[in-house]
Protein chains: 4
Amino acid sequence: MIKTAVLGATGYTGTELMRLLSSHPEVDLALVSSKSYAGKKVSDIHPQFKGQIDLTLDQMRVEKIPGSIDLVFCALPHGESAEAGAALLKRGFRVIDLSADFRLNHADLYSQWYKLEHPHQDILGSAAYGLPELYSEVIKGADLVANPGCYPTGVILGLAPLLKHKLINLESIIVDAKSGVSGAGRAPKQPFHFPECTENFKAYRVASHQHTPEIEQELGRIAGEELKITFTPHLVPMVRGILCTTYLELSGSKSEEEIFNLYNSFYSSCPFVRIFEPPLLPETRFVRGSNYCDLALKLDMRTNRLIVISAIDNLVKGASGQAVQNMNIMFDLPEETGLCQTAV
Amino acid sequence: MIKTAVLGATGYTGTELMRLLSSHPEVDLALVSSKSYAGKKVSDIHPQFKGQIDLTLDQMRVEKIPGSIDLVFCALPHGESAEAGAALLKRGFRVIDLSADFRLNHADLYSQWYKLEHPHQDILGSAAYGLPELYSEVIKGADLVANPGCYPTGVILGLAPLLKHKLINLESIIVDAKSGVSGAGRAPKQPFHFPECTENFKAYRVASHQHTPEIEQELGRIAGEELKITFTPHLVPMVRGILCTTYLELSGSKSEEEIFNLYNSFYSSCPFVRIFEPPLLPETRFVRGSNYCDLALKLDMRTNRLIVISAIDNLVKGASGQAVQNMNIMFDLPEETGLCQTAV
Amino acid sequence: MIKTAVLGATGYTGTELMRLLSSHPEVDLALVSSKSYAGKKVSDIHPQFKGQIDLTLDQMRVEKIPGSIDLVFCALPHGESAEAGAALLKRGFRVIDLSADFRLNHADLYSQWYKLEHPHQDILGSAAYGLPELYSEVIKGADLVANPGCYPTGVILGLAPLLKHKLINLESIIVDAKSGVSGAGRAPKQPFHFPECTENFKAYRVASHQHTPEIEQELGRIAGEELKITFTPHLVPMVRGILCTTYLELSGSKSEEEIFNLYNSFYSSCPFVRIFEPPLLPETRFVRGSNYCDLALKLDMRTNRLIVISAIDNLVKGASGQAVQNMNIMFDLPEETGLCQTAV
Amino acid sequence: MIKTAVLGATGYTGTELMRLLSSHPEVDLALVSSKSYAGKKVSDIHPQFKGQIDLTLDQMRVEKIPGSIDLVFCALPHGESAEAGAALLKRGFRVIDLSADFRLNHADLYSQWYKLEHPHQDILGSAAYGLPELYSEVIKGADLVANPGCYPTGVILGLAPLLKHKLINLESIIVDAKSGVSGAGRAPKQPFHFPECTENFKAYRVASHQHTPEIEQELGRIAGEELKITFTPHLVPMVRGILCTTYLELSGSKSEEEIFNLYNSFYSSCPFVRIFEPPLLPETRFVRGSNYCDLALKLDMRTNRLIVISAIDNLVKGASGQAVQNMNIMFDLPEETGLCQTAV
């Protein structure tokens with residue numbers, strides 16, 4: 001049994017970690033912490049766990065975490081997570097960090113997009129980028145895994161096969177992304193107040209969302225050269241799910257079928273990536289509550305653009321499910337262990 | 001033209017007042033105030049008014065309201081409204097108060113249910129209760145109108161004809177009420193955060209909701225004797241609408257048709273009460289955005305209970321629409337003026 | 001491994017059965033049938049199963065079901081289910097029927113409320129009523145289990161302890177029930193068309209819903225005498241969940257705490273019933289996707305009525321989860337096997 | 001008073017026409033027809049009109065429409081509308097057609113995208129394209145107005161100023177559009193069944209939606225040369241609203257402010273187009289129930305792409321509101337008459 005701790009357990013990604021870890025056959029969920037609710041029982045804050053998790057929430061103190069813990073999940077706000085992560089590494093723990101704090105390789109990018117000086121620039125760039133479909137070998141041996149952002153997960157899995165094969169005109173990438181509201185976190189704010197959020201659709205942070213540099217860094221790494229994208233996120237009146245519609249120009253001539261085959265072969269050993277055969281298209285409900293990333297490819301013959309559609313559950317494959325997948329790899333378990341949920 | 005002011009214009013009832021007053025043919029919306037947004041333009045806070053309302057939000061200072069204002073709508077939180085209302089009356093303004101502060105006749109009931117000492121007990125009981133279907137004569141001449149609560153409006157209109165005719169066993173009344181989320185106001189809070197509110201249904205303040213004494217006071221007034229009810233409100237994952245399902249025992253024997261006729265005749269001169277003929281039942285969407293109260297009556301022959309179903313838009317007939325209806329009466333306009341919206 | 005078949009696999013209860021059975025550690029989901037989609041792959045109709053269920057849908061022919069099947073779940077429309085159930089029993093299969101066809105003991109009640117002559121009145125009344133919290137001993141040995149209706153499950157579990165102890169005035173029971181839209185089934189119809197269903201709340205089949213006689217029969221069986229209830233179902237704009245608010249008069253004097261203790265002790269060995277301590281109240285989201293029934297009890301001291309609130313997921317504890325729970329009992333597995341999902 | 005008839009009055013655009021026309025101060029809604037509900041009262045089918053519209057639905061027979069009707073709105077399915085429109089013109093009526101039947105100038109485009117031979121190719125191209133912001137002069141004198149599609153309205157208003165000034169690289173236009181479910185019409189179908197539609201987001205008819213040729217024809221007309229676009233529609237779990245996110249490359253160098261000024265000046269006399277100043281962005285709720293088209297412009301400095309965001313209510317500015325606006329122009333009324341609704 002892997003003895004695990006979750007720091008920041010009562011936010012949405014922390015809660016989702018508890019849901020997945022408490023039913024994982026090889027995991028002992030030993031410690032959960034929360035700044036706001038320390039001292040309370042998990043099931044008092046989240047009654048869905050009544051009868052399932054009988055833990056009391058600890059205060060978040062890295063120095064008090066018992067040495068017997070095998071793996072710590074950090075589900076803290078960015079900034080705080082960097083501090084905790086550095087302290088945990090120093091104490092010798094293996095860490096999966098779900099914040100943005102260890103994803104970017106350059107401190108200036110971090111400060112530019114997150115409006116915050118990174119407090120531990122020394123370990124920036126030392127983390128394994130936790131996208132198992134591309135980096136499982138590195139993840140296996142890592143002490144620090146930077147769990148990818150939700151939007152980046154959907155975009156990167158949608159483009160990796162083409163980028164790897166140098167089939168994209170790198171100046172042409174436009175990502176029009178749509179996310180459910182849980183992506184905004186658990187703290188109540190005016191734009192996510194039910195009466196202002198339901199029956200509404202809008203774009204936000206147009207051409208200025210903080211996931212942009214992460215996507216560019218990771219797409220660039222796959223492509224082998226730097227690139228820039230246009231990225232527009234939107235807010236959908238639903239709880240879970242991200243659908244990304246990505247537009248690009250192919251650098252060479254390929255048929256839709258050739259591209260489909262390329263993707264199928266690229267992801268042949270990836271249990272959580274499903275390539276949909278035309279005319280079936282991904283919908284967020286097909287992945288809700290599950291760790292899948294569903295993909296479809298459509299060549300617009302009239303304009304010669306390829307349209308890639310990807311769907312994930314932002315809290316599962318876009319956060320906590322992917323973190324559990326990374327844990328499985330780090331502890332030599334089959335990748336799917338504890339992650340076989342079907343969409344509800 | 002009636003020169004009007006709205007105090008507390010940016011909350012949901014205030015905003016709804018602006019919507020209704022700005023298109024009212026006999027109203028000049030002259031002054032709007034807001035504590036939180038003083039100095040900003042209405043359309044900066046609520047962009048739907050861009051091109052329609054070109055006013056800047058004032059600070060809420062009763063003493064600065066120009067004497068030329070004919071009518072002040074108070075859409076302030078309870079407690080604050082009592083203070084403002086008293087000061088406005090002193091300055092000689094006519095006032096329609098949308099808070100709970102002038103609805104109850106007894107200060108002890110107020111402090112017991114609102115957990116607040118009433119600051120102006122002298123004028124408690126002096127207000128006209130602004131339910132036009134029952135009290136239009138008093139409203140006409142009133143300087144202070146206490147606009148009814150949303151739940152009370154739905155319940156009272158549903159029971160008035162039977163109570164007036166002494167046809168209800170007064171100990172038997174159970175009200176199971178369901179409200180959309182706008183009833184909770186505009187301030188973001190955890191239970192109304194979209195991800196925790198959508199796809200969810202719950203009861204709240206069971207047998208302890210603060211509208212209970214208002215309902216009992218007003219039903220008792222119609223019946224001519226005191227009564228107690230069981231009242232359970234629920235939260236529906238929608239923005240607008242209240243549906244009340246009220247159960248009661250008839251004190252005498254009546255057929256469904258006789259009761260239907262009684263209601264039709266009782267409300268024959270009331271343009272905003274619609275009695276649905278069986279088998280048609282009210283739905284909140286039929287009244288959304290409109291000032292109607294829709295009613296249906298069903299006699300459960302197997303148990304001899306009458307089930308009364310009433311539907312209103314909580315922000316219109318349950319608040320701002322009713323306030324405008326009261327204004328029309330106070331200023332000798334036809335009751336429907338500016339209130340002919342069909343449900344959207 | 002229990003070899004199972006699901007007849008009517010593509011409707012909502014059938015699909016939910018596939019979700020639960022495909023991840024059940026002791027079950028081999030061997031055969032799935034569908035009238036409308038025979039010949040198609042499960043994952044073509046319900047893409048969420050891609051990568052998880054690799055079965056092709058059979059035509060529904062009882063005579064072709066292989067004798068090696070240990071248990072057949074019938075998730076067919078009522079009427080059809082009676083035919084299939086009778087034929088399956090004749091061929092010697094054990095059957096869990098999720099329709100209404102074997103729940104009522106009297107053919108005349110069935111024809112009166114379902115507007116259909118029951119085709120196999122001989123086996124009416126021979127089925128075990130599949131409510132494991134009350135009848136696990138009978139279920140264990142049964143060949144035919146009538147899986148309870150969704151509303152009845154919520155109501156009966158909410159009242160059983162009091163009825164058993166003869167603490168209810170039997171003429172006083174009023175059930176105000178609210179259900180998500182999945183309860184209406186998968187066939188598209190006008191009232192469940194998204195634009196007419198979202199942002200709307202309504203009552204339906206007031207005092208005439210077909211679950212009424214089932215509730216009365218089963219409550220009466222527990223009470224040891226016949227009774228009648230008033231039952232009003234409502235439609236909530238959400239997919240899953242039923243919340244029942246039940247009003248009753250106690251026949252003796254009991255404190256809220258005494259009643260709470262009574263419930264706790266009555267359900268002490270029932271893993272899927274959770275009694276909430278005040279002031280916590282059930283919400284449908286706490287049980288969404290899970291097999292729990294959450295209960296709360298509130299004594300309205302002002303009117304001396306008890307209010308019982310129960311919440312279930314209509315597709316899980318109200319249908320397919322309960323069916324799996326019944327299967328576990330029939331095959332001597334721990335009741336919770338494969339049913340430990342936390343609400344999503 | 002303009003005497004009007006609405007053919008196909010019970011669908012969503014027909015119902016919305018009734019809502020707008022019944023409160024229009026210069027309109028007499030004299031005749032409403034419906035194939036499915038002929039003989040029924042409007043308020044029996046749509047109870048929200050109880051007390052407001054007291055008309056009985058006629059069968060749809062062009063030859064029976066009284067000659068005293070000044071204007072006929074055709075809100076019929078495409079194909080049927082062409083037949084009715086042709087017959088109405090022959091009888092001398094002025095017609096506003098809300099279907100797609102008179103929008104395309106070429107019969108082959110129509111048959112290619114609508115999979116239907118156009119039955120009246122002789123009058124194809126004779127209709128005025130009813131986008132008042134661009135063609136009010138032609139509309140004024142027209143006997144047949146082809147009311148634009150919902151997506152085209154949002155896209156064209158978003159691009160017209162730039163196209164007119166030849167500021168767009170015509171090969172670069174990508175439209176990522178998102179629509180509420182009412183756009184799919186009133187007939188219940190599986191994808192719009194509440195449980196499959198809510199809490200879900202998806203793309204549909206990717207690179208193959210039938211509004212594509214209409215958008216291309218009209219953008220090309222403004223640009224003065226042919227062009228092709230990539231167009232991807234998506235379905236949002238809400239009832240009303242379209243938000244279009246359009247990506248394009250500028251052909252010359254312009255600052256965001258210059259573009260903003262260009263739009264402001266282009267639309268200076270258009271009461272229903274609102275240009276949002278940064279950082280304010282359109283949201284569909286700001287236009288819900290109203291006839292506005294809200295626009296925002298964002299220059300992505302990092303990639304040199306312009307992002308145009310437009311929001312409309314698909315049933316108002318995208319259909320029935322625009323039709324009423326066209327009527328106002330045809331009958332020399334101020335454009336805004338009867339269209340001053342604020343978003344609800």
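Sequence order sets the numbering: in each chain, residues are counted from 1 along the sequence as written. Labels follow written order: the first chain is A, the first ligand is 1, and so on. Note on the predicted model: pLDDT of at least 70 is required for a residue's local features to be given, and 80 or more for side-chain atom pairs to be given and counted; whole-chain, interface and lining totals, by contrast, use all residues. Excluded from the side-chain calculation are hydrogens and water; included are all heavy atoms of the structure.

The subject of this paragraph is the interface of chain D and chain A. Opposite the 46 residues of chain D that make contact, chain A presents 46 residues. When two parts are brought into contact, each loses some accessible area as probed by a 1.4 Å sphere; the total of that loss over both is the buried area. Interface area lost by chain D to chain A is led by E199, F201 and R302 of chain D, which between them contribute 19%. Every case where a carboxyl oxygen of Asp or Glu lies within 4 Å of a side-chain nitrogen of Lys or Arg is listed as a salt bridge. Put simply, chain D and chain A have 6 salt bridges between them. Between K178 of chain D and D176 of chain A there is a salt bridge, with the nearest N and O atoms lying 3.0 Å from each other. Any pair of nitrogen or oxygen atoms within 3.5 Å is treated as a polar contact; in protein, a donor-acceptor pairing is required on top of that, and neighbouring residues in sequence qualify only through side-chain atoms on both sides. The tally of links from chain D across to chain A stands at 35 residue pairs in polar contact (both at pLDDT 80 or more). We count a stretch as a helix when DSSP gives it H or I for four or more residues in a row; a strand needs E for two or more, and each element gets its number in order from the N terminus. Elements with a contribution of two residues or more to the side of chain D that touches chain A: β7 (174-179), β8 (202-203), α8 (212-223), β9 (230-235), β10 (242-249), β12 (293-300) and β13 (305-312) of chain D. Looking at the side of chain D that touches chain A element by element, the count peaks at 4 residues for β7 of chain D. Here, two residues are considered to be in contact whenever any of their heavy atoms come within 4.5 Å of each other.

Further remarks concern the interface of chain C and chain B. Contacts between the two partners involve 46 residues from chain C and, on the opposite side, 46 residues from chain B. Counting the surface lost from both chain C and chain B, the interface buries some 3900 Å², and carbon and sulfur atoms represent 55% of this. By the criterion of area lost to chain B, the three top residues of chain C are E199, F201 and R302 of chain C, representing 19% of everything that side buries. The tally of links from chain C across to chain B stands at 6 salt bridges. At the boundary of chain C and chain B, one finds 36 residue pairs in polar contact (both at pLDDT 80 or more). Top element by residues in the side of chain C that touches chain B is strand β7 (residues 174-179) of chain C. It accounts for 4 residues. Residues are grouped as follows: nonpolar covers Ala, Val, Leu, Ile, Met, Phe, Trp, Tyr, Cys and Pro; charged covers Asp, Glu, Lys and Arg; every other residue, Gly included, is treated as polar. Here the residues of the side of chain C that touches chain B sort into 20 nonpolar, 10 polar and 16 charged.

Residues and elements named next belong to chain B. By definition, two strands form a pair when at least two bridges between them are found by DSSP. If you trace the 6 strands from one edge of the open sheet to the other, you get β2-β1-β3-β4-β6-β5, paired in parallel fashion. Lying at the two open borders of the sheet, with one neighbouring strand each, are β2 (27-33) and β5 (128-129). Bridge analysis of strand β4 (residues 94-97) against strand β6 (residues 144-146) gives 3 bridges, and the strand direction is parallel. Bridge pairing links D97 to A146 in β6. Lying over the sheet, helix α3 (residues 80-90) contacts β1 (2-7), β3 (71-74), β4 and β6, oriented at roughly 170° with respect to β3. For helices, the axis comes from a line fit to the C-alpha atoms of the stretch in contact; other axes are also lines fit to C-alpha atoms, and the angle between any two N-to-C directions lies between 0 and 180 degrees.

In this section: the relation of the copies chain D and chain A. The copies were overlaid with a least-squares fit restricted to C-alpha atoms from residues scoring a pLDDT of at least 70 in each copy. Relative to chain A, chain D is turned by 180° and slid 0.0 Å along the rotation axis, the superposed coordinates differing by an RMSD of 0.0 Å. Both copies are brought into coincidence by an operation consistent with a two-fold rotation axis. The overlap is high: 100% of the interface residues of chain D also sit at the interface in chain A, so the same surface is used on both sides.

According to the stated counting rule, one finds 69 salt bridges over all chains in the structure shown. For D143 of chain A, the salt bridge identified is with R94 of chain A, shortest N-O distance 3.8 Å. Taken together, the positions of D143 of chain A in the loop between α5 (132-141) and β6 (144-146) and R94 of chain A in strand β4 (residues 94-97) put the pair 49 residues apart, joining distant regions of the chain. When a residue's accessible area, from a 1.4 Å probe over protein chains only, is under 20% of the maximum for its type it is buried; when over 50% it is exposed; and in between it is partly exposed. Residue classification places D143 of chain A among the partly exposed residues on the basis of a relative accessible area of 46%. R94 of chain A gets classed as buried once you look at its relative accessible area, which sits at 19%. Notably, a salt bridge pairs R240 of chain C with D313 of chain C, separated by 2.9 Å at the nearest N-O pair. Here R240 of chain C, found in the loop between β9 (230-235) and β10 (242-249), pairs with D313 of chain C, found in the loop between β13 (305-312) and α10 (316-330); they are 73 residues apart in sequence, far enough to count as distant.

This part covers the side chain of T15 of chain A. Tracing the chain through its elements places T15 of chain A in helix α1 (residues 12-22). Contacts of T15 of chain A, omitting those with residues within four sequence positions, involve A9, T10, H46, Q48 and F49 of chain A.

Superposing chain C onto chain B takes a rotation of 180° combined with a translation of 0.0 Å along the rotation axis, leaving an RMSD of 0.0 Å. Looking at chain C, 100% of its interface residues are interface residues in chain B too, so the copies touch through the same face.

To continue, consider the packing of helix α1 (residues 12-22) of chain D against helix α10 (residues 316-330) of chain D. Each pair of packed helices can be described by the angle between their axes along with the distance between the axes. All names here are of chain D. Relative to each other, α1 and α10 sit at 45°, their axes nearing to 9 Å. On the basis of their axis angle, the class for α1 and α10 is oblique. The way α1 lies across α10 gives a crossing that is right-handed. Where α1 abuts α10, its residues T13, E16, L17, R19, L20 and L21 lie against V316, A319, S320, G321, A323, V324 and M327. Small angles under 35 degrees read as roughly parallel and large ones over 145 as roughly antiparallel, with 65 to 115 read as roughly perpendicular and the rest as oblique. Take the far helix as the reference: if the near one is turned anticlockwise from it by less than a right angle, the crossing is left-handed, and if turned clockwise, right-handed.

Quick look at the domain arrangement of chain A now. Residues and elements named next belong to chain A. An automatic or database domain assignment is the source of the domain bounds shown. Structurally, chain A comprises domain 1 (2-126) and domain 2 (151-314). Here the C-alpha centroids of domain 1 and domain 2 sit 27 Å apart. Ranking the residues of domain 1 by area buried against domain 2 places Y12, R103 and W113 at the top, with a combined share of 49%. E214 is the partner of R103 in a salt bridge, and the nearest nitrogen-oxygen pair spans 3.2 Å. Taken together, the connections running from domain 1 to domain 2 amount to 6 residue pairs in polar contact (both at pLDDT 80 or more). Secondary structure elements with two or more residues in the side of domain 1 that touches domain 2: α1 and α4 (107-114). When the residues that make up the side of domain 1 that touches domain 2 are grouped by side-chain class, the tally is 7 nonpolar, 4 polar and 3 charged.

With that settled, the discussion passes to helix α9 (residues 256-266) of chain B. Residues and elements named next belong to chain B. Where α9 is concerned, the buried positions are I259, F260, L262 and Y263. With its buried residues spanning 160° around the axis, α9 presents them on a single face. Pointing more than 90 degrees away from the buried face of α9 are the exposed residues E257 and S265. What the arc covers is the set of directions going from the helix axis to the C-beta atoms.

A residue's pLDDT is simply how confident the predictor is in it, with values from 0 to 100. Scored by pLDDT, chain A has a mean of 97; 100% of the residues are at 70 or more. Scoring the predicted complex yields pTM 0.97 and, for the interface, ipTM 0.97.

Counting residues in hydrophobic clusters, the biggest one holds 181 residues, and the most contacted among them are F73, L162 and L219 of chain B together with F73, L162 and L219 of chain C. V273 of chain A together with L71, A160 and I168 of chain D belong to the second-largest nonpolar core, a separate cluster that totals 180 residues. As used here, the term nonpolar core means buried Ala, Val, Leu, Ile, Met, Phe, Trp, Tyr and Cys residues forming a set that is joined through side-chain atoms within 4.5 Å.

This part is about the pairing of β10 of chain C. Residues and elements named next belong to chain C. Along β10, 7 of the 8 residues are buried, which leaves the element largely enclosed by surrounding structure. Pairing geometry for β7 and β10, over 6 bridges, is antiparallel. Across the sheet, S179 pairs through a bridge with I242, a residue of β10. Where β10 and β13 come together, 8 bridges link them in antiparallel fashion. In the sheet register, L248 faces β13, and the bridge partner there is L306.

Now for the pairing of strand β13 (residues 305-312) of chain B. Residues and elements named next belong to chain B. Most of β13 is tucked away, with 8 of its 8 residues classed as buried. Here β13 shows two buried faces, one formed by R305, I307, I309 and A311 and the other by L306, V308, S310 and I312. In this sheet, β13 lies alongside strand β12 (residues 293-300) in antiparallel orientation, the contact comprising 8 bridges. Residue pairing in the sheet places L299 in a bridge with L306 of β13. In this antiparallel pair of consecutive strands, β12 and β13, the connection spans 4 residues, and N304 shows a positive phi of 60°.

Here the focus is the packing of aromatic side chains. Given two aromatic rings, one states the distance between the centres and the angle between the planes to describe the pair. In this analysis, rings of Phe, Tyr and Trp, with Trp reduced to its six-membered ring, are considered paired at centre separations within 6.5 Å, and the interplanar angle assigns stacked below 30 degrees, edge-to-face beyond 60, and tilted for intermediate values. Per the stated rule, a full pass over the model turns up 29 aromatic pairs over all chains. Considering the side-chain rings of Y263 of chain A and Y267 of chain A, the 6.4 Å spacing of their centres and the 55° angle between planes classify their relative orientation as tilted. One exposure class covers both Y263 of chain A and Y267 of chain A, and it is buried. Taking 5.0 Å as the distance between ring centres and 80° as the angle between the ring planes, the aromatic pair formed by F266 of chain D and Y267 of chain D counts as edge-to-face. For F266 of chain D, a relative accessible area of 22% translates into the label partly exposed. For Y267 of chain D, a relative accessible area of 4% gives the class buried. Among the aromatic residues, those joined into a ring-pair cluster are Y263, F266 and Y267 of chain A.

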